[in-house]
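# Close look at the chain arrangement
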Number of protein chains: 2
Amino acid sequence: MTVYAFGHKNPDSDTVCAAISLAYLKNKLGVETTAVTQGAISPETSFILDRYGLAIPEVKNSFAGESVFLVDTSDISQLPDDLSDAEVLGIVDHHKLGDVTTSNPLECWIWPVGCSCTILKAMYDFYNIEVPKEIAGIMLCAILSDTVIFKSATCTDKDKEFAVELARIAEEKDLQALGMEMFKVKSAIQGTPIRELVERDYKDFDMNGNKVGIGQLEVVDLSLLDEIKDALASDIIALKKVGDRHSVFLMLTDIMKEGTELLIASDDPSIVEKAFGCAPAGNKVWLDGVMSRKKQVVPNLEKAFA
Amino acid sequence: MTVYAFGHKNPDSDTVCAAISLAYLKNKLGVETTAVTQGAISPETSFILDRYGLAIPEVKNSFAGESVFLVDTSDISQLPDDLSDAEVLGIVDHHKLGDVTTSNPLECWIWPVGCSCTILKAMYDFYNIEVPKEIAGIMLCAILSDTVIFKSATCTDKDKEFAVELARIAEEKDLQALGMEMFKVKSAIQGTPIRELVERDYKDFDMNGNKVGIGQLEVVDLSLLDEIKDALASDIIALKKVGDRHSVFLMLTDIMKEGTELLIASDDPSIVEKAFGCAPAGNKVWLDGVMSRKKQVVPNLEKAFA
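These numbers come from a predicted model, not from an experiment. (Residues numbered from 1 in each chain as written. Chains lettered and ligands numbered in written order. Predicted model: local features only at pLDDT ≥ 70, side-chain atom pairs only at ≥ 80, totals over all residues. Heavy atoms only, no water.)

### What to know about the overall build of chain A
The condition that has to hold: Helix and strand definitions here come from DSSP, where helices need a minimum of 4 consecutive H or I residues and strands a minimum of 2 consecutive E residues; each element is numbered from the N-terminal end. A radius of gyration in this sense is built from C-alpha atoms; the matching globule rule multiplies 2.2 Å by the number of residues raised to 0.38. In this scheme, a residue with accessible area under 20% of its type's maximum is buried, one over 50% is exposed, and one in between is partly exposed, where area comes from a 1.4 Å probe on protein chains only. The criterion used for residue contact is that any of the two residues' heavy atoms lie within 4.5 Å.
Secondary structure summary: chain A contains 10 helices and 11 strands in total. For chain A, the C-alpha radius of gyration of 19 Å lies close to 19 Å, the compact-globule estimate for 306 residues. Here the C-alpha coordinates of chain A stretch approximately 55 × 45 × 35 Å along the principal axes. Out of the 306 residues in chain A, the part that is buried amounts to 62%. By sequence separation, contacts in chain A at least 24 residues apart represent 63% of the contacts at least 6 residues apart.

Here it is, written out as structure tokens:
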């Protein structure tokens, strides 16, 4: 019986690439493991898998009675509903420690680095397993994506060091160009329904008993979103209502200007000033230097809600 | 301001030695860190620190406003009451994943091996920090203690491999003799109050809403306990009452015969047969081959209580 490796809902590139890379490693170590996702992959992830000739993992949402490895999250709210009926064998993650618990000892590699795939590279080294070219390619792209080409506040020296090693194996010469090509795919919005854009990289959090949703769109130039900004603002109001949420925030992150315009739909918009120290103008606010949901937005909002 | 490294209540040798070893490593990496304990150390730990000339860490029970590393547990019930007012920077552990959560990314090394100090050895290797002789000695002893000289069901190849490396650094030639010397110290019970023996290595667990205490005494020969067994049995009945517990179990583990006599004080003694498949005779039962609370006793009891 195979073990399954997967990450959070609304899979991003790191979640998908980490699941595939962990499955490859575990198979090499004699544990039959299959990478799956909890939902359809993004255009960026599709670009990455296509570039290195890897298949898209199947979608699987139920794991009762199965054994699983989790990647890129340890939050129950971001995992399948029946996870408590599965045996969690391990977690590879670079976020805060969530509320998953287990009955048995397990293998957790959770480090404060920019990307789960950076930790995966350390695991390959630890177990002395060679990283094949195509796996090195997707791990590298995941690092470039999660660290916004090494610019995010979450990026560490380990991310850079391992990215360079992976680039050598993957025979990628120009990381800046590869990253920009990827972010152009990510920035592409033509023909995509508004709700799909809002939910492309979206997560719900429990903040002191309040349900708070935070989405993020990263673009190479914020002006790309000018025409649809009003529609996005309306849509997060709708999303807040249907989910009985206290707030929904949408981060419009400009990876070149290195900042975020935060769109706000909230029962109490003053929470934004409390969290970030700058007052919203209408339903939005510019947060200079803010690029990371995990390191810059979630902790500040959690403190403001506390 | 220093960071504190510490482990669970009723500190055993692994908790104390892992805290000291982690503090040394973090200091080398530029993070000022102080090892402390949550309570007095055991005679075995005292023997270990004395052998390698290391000081006994201070006792500290309150950490509000401090930054901390946890070792050897991630269960809130085994940690200080005000832990939620501290910032958890990392966890090094080899148990099931407990209910500690954080607001920020952190560094977790949690592996299914026999001893936290085995993981510490891997961390020294990862960070390329040389293990000094005295630290190698206490890490080695912690491994010998937690794995019952490599005999416990929790012992893995990594524990053995790293113990041999540490023994070389510590210049320890005969691990079996060192282990037996340590376990003789651990077995010494003369003059020790009964309650102190019961609580020497004791942990409370929440099993499906029931408070269940499990203590363990490891001895080189069960007959050493003949004279005090009745007193131990009476004392766990008293301990069950004062703490409003569903059950208190005391494992009397014979490390040479490789099995455990389980003393039972329970609102529902039939839970023992449900968990282990053998019926107690009176208030006790012999569990052949059972030496590990974590791997053999806790999971079976949790299933029986589920």
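So that's the structure; there's more coming.
### So, the relation of the copies chain B and chain A
Using the following cut-off: Least squares is the method for superposing the copies, and the C-alpha atoms it fits come from residues with pLDDT of at least 70 in both.
Once chain B is rotated about the relating axis by 180 degrees and shifted along it by 0.0 Å, it coincides with chain A to within an RMSD of 0.1 Å. Expressed as an axis order, the relation between the two copies is that of a two-fold axis. Closest approach to the rotation axis among the C-alpha atoms of chain B is made by Trp109 of chain B, whose C-alpha sits 2.7 Å away.

### Concerning the side chain of Asp146 of chain A
All names here are of chain A. Put simply, the test is: In this tally, Lys and Arg are treated as positive and Asp and Glu as negative; His is ignored, and so are the chain termini. By definition here, a salt bridge exists when the distance from a side-chain nitrogen of Lys or Arg to a carboxyl oxygen of Asp or Glu is within 4 Å. Under this definition, polar contacts are N or O atom pairs within 3.5 Å; protein pairs additionally need one hydrogen-donor-capable and one acceptor-capable atom, and for neighbouring residues in sequence, both atoms have to be side-chain atoms.
Among the structural elements, Asp146 can be located in helix α4 (residues 133–146). The buried charged residue Asp146 lacks any salt bridge partner; its closest oppositely charged side chain belongs to Lys294, at an N-O distance of 6.0 Å. A distance of 3.2 Å separates the side chain of Asp146 from the side chain of His94, its partner in a polar contact. The residues contacting Asp146, other than those within four sequence positions of it, are Asp12, Asp14, His94, Gly114, Cys115, Ser152 and Thr154.

### What to know about the sheet that holds strand β4 (residues 67–71) of chain B
In plain terms, the rule: Note on pairing: two strands pair once DSSP finds at least 2 bridges between them. Angles run from 0 to 180 degrees between N-to-C directions of axes, and those axes are lines fitted to C-alpha atoms, restricted for helices to the stretch in contact.
An order of β3(A)-β2(A)-β1(A)-β4(A)-β5(A)-β6(A)-β6(B)-β5(B)-β4(B)-β1(B)-β2(B)-β3(B) is seen for the 12 strands of this open sheet, with the pairing classed as mixed. The two strands at the open ends of the sheet, each matched to only one other strand, are β3 (58–59) of chain A together with β3 (58–59) of chain B. Here strand β1 (residues 3–6) of chain A runs beside strand β2 (residues 33–37) of chain A; their pairing, made up of 3 bridges, is parallel. For Ala5 of chain A, the partnering residue across the bridge sits in β2 of chain A and is Ala35 of chain A. Each of β5 (87–93) and β6 (107–110) of chain A touches helix α3 (residues 116–126) of chain A; the most contacted strand, β5 of chain A, lies at about 110 degrees to it.

### Brief notes about the packing of aromatic side chains
Quick note on the threshold: The aromatic pairing rule takes the rings of Phe, Tyr and Trp, using the six-membered ring of Trp, and pairs them if the centres are within 6.5 Å, calling planes under 30 degrees apart stacked, those over 60 edge-to-face and the rest tilted. Charge-over-ring contacts are defined here by two conditions on Lys NZ or Arg CZ: a distance within 6 Å of the ring centre and an angle within 35 degrees of the ring normal.
Counted by the stated rule, this structure contains 19 aromatic pairs over all chains. Measuring from ring centre to ring centre gives 6.4 Å for Tyr24 of chain A and Tyr124 of chain A, while their planes differ by 15 degrees; the resulting arrangement is stacked. Taken as a pair, Tyr24 of chain A in helix α1 (residues 13–28) and Tyr124 of chain A in helix α3 lie far apart in primary sequence, 100 residues in all. Given a relative accessible area of 26%, Tyr24 of chain A falls into the partly exposed group. Three or more aromatic residues link up through ring pairs in this structure, and these residues are Trp109, Trp111, Phe126 and Tyr127 of chain A together with Trp109, Trp111, Phe126 and Tyr127 of chain B. A cation over an aromatic ring shows up here: Lys60 of chain A above the ring of Tyr4 of chain A, its NZ or CZ 4.8 Å from the ring centre.

### Topic: the domain arrangement of chain A
Residue and element names in this part refer to chain A. How we decide: A domain assignment, automatic or from a database, supplies the domain bounds used here. Two parts placed together each lose some accessible area under a 1.4 Å probe, and adding up what both lose gives the buried area.
Segmentation of chain A into domains returns domain 1 (3–184) and domain 2 (194–305). Domain 1 and domain 2 are separated by 25 Å when their C-alpha centres are compared. With 17 residues of domain 1 in contact, the opposing surface of domain 2 contributes 18 residues. Counting each side, the surface lost to burial between domain 1 and domain 2 is near 1700 Å², with a carbon and sulfur contribution of 57%. Of all residues in domain 1, Asn10, Lys151 and Phe183 give up the largest surface area on contact with domain 2, accounting jointly for 29% of the area buried on that side. Counting every contact that joins domain 1 to domain 2 gives 1 salt bridge. Salt-bridge contacts for Lys96 lead to Glu302; the nearest nitrogen and oxygen are separated by 3.8 Å. Counting the contacts that link domain 1 with domain 2 gives 3 residue pairs in polar contact (both at pLDDT 80 or more). A total of 3 residues in the side of domain 1 that touches domain 2 trace back to one element, the largest contributor, which is helix α6 (residues 175–187).

### Considerations on the nonpolar core
Definition in use: Buried residues of nine kinds, namely Ala, Val, Leu, Ile, Met, Phe, Trp, Tyr and Cys, make up a nonpolar core once their side-chain atoms join them within 4.5 Å.
Leu22 and Leu120 of chain A together with Leu22 of chain B are the most contacted members of the largest nonpolar core, which has 110 residues in total. Leave out the neighbours within four places in its chain, and Leu120 of chain A touches Ala18, Ser21, Leu22, Leu25, Val92 and Met139 of chain A. Counting residues in each nonpolar core, the second largest holds 32 residues, with Val68 and Leu106 of chain A together with Val36 and Leu83 of chain B among its members.

### Brief notes about the interface of chain B and chain A
Rules: Under the scheme applied here, ten amino acids are nonpolar (Ala, Val, Leu, Ile, Met, Phe, Trp, Tyr, Cys and Pro), four are charged (Asp, Glu, Lys and Arg), and all others, including Gly, are polar.
Chain B puts 26 residues into the contact, and the matching count from chain A is 26 residues. Both sides together, the interface formed by chain B and chain A hides about 2300 Å², and carbon and sulfur atoms give 68% of it. The interface formed by chain B and chain A contains 0 salt bridges. Summed over the shared surface of chain B and chain A, the result is 6 residue pairs in polar contact (both at pLDDT 80 or more). The set of elements that each furnish at least two residues to the side of chain B that touches chain A consists of β6 (107–110), α3 (116–127) and α10 (293–305) of chain B. Per-element accounting of the side of chain B that touches chain A gives the leading share, 4 residues, to β6 of chain B. Its residues assigned to classes, the side of chain B that touches chain A shows 13 nonpolar, 7 polar and 6 charged.

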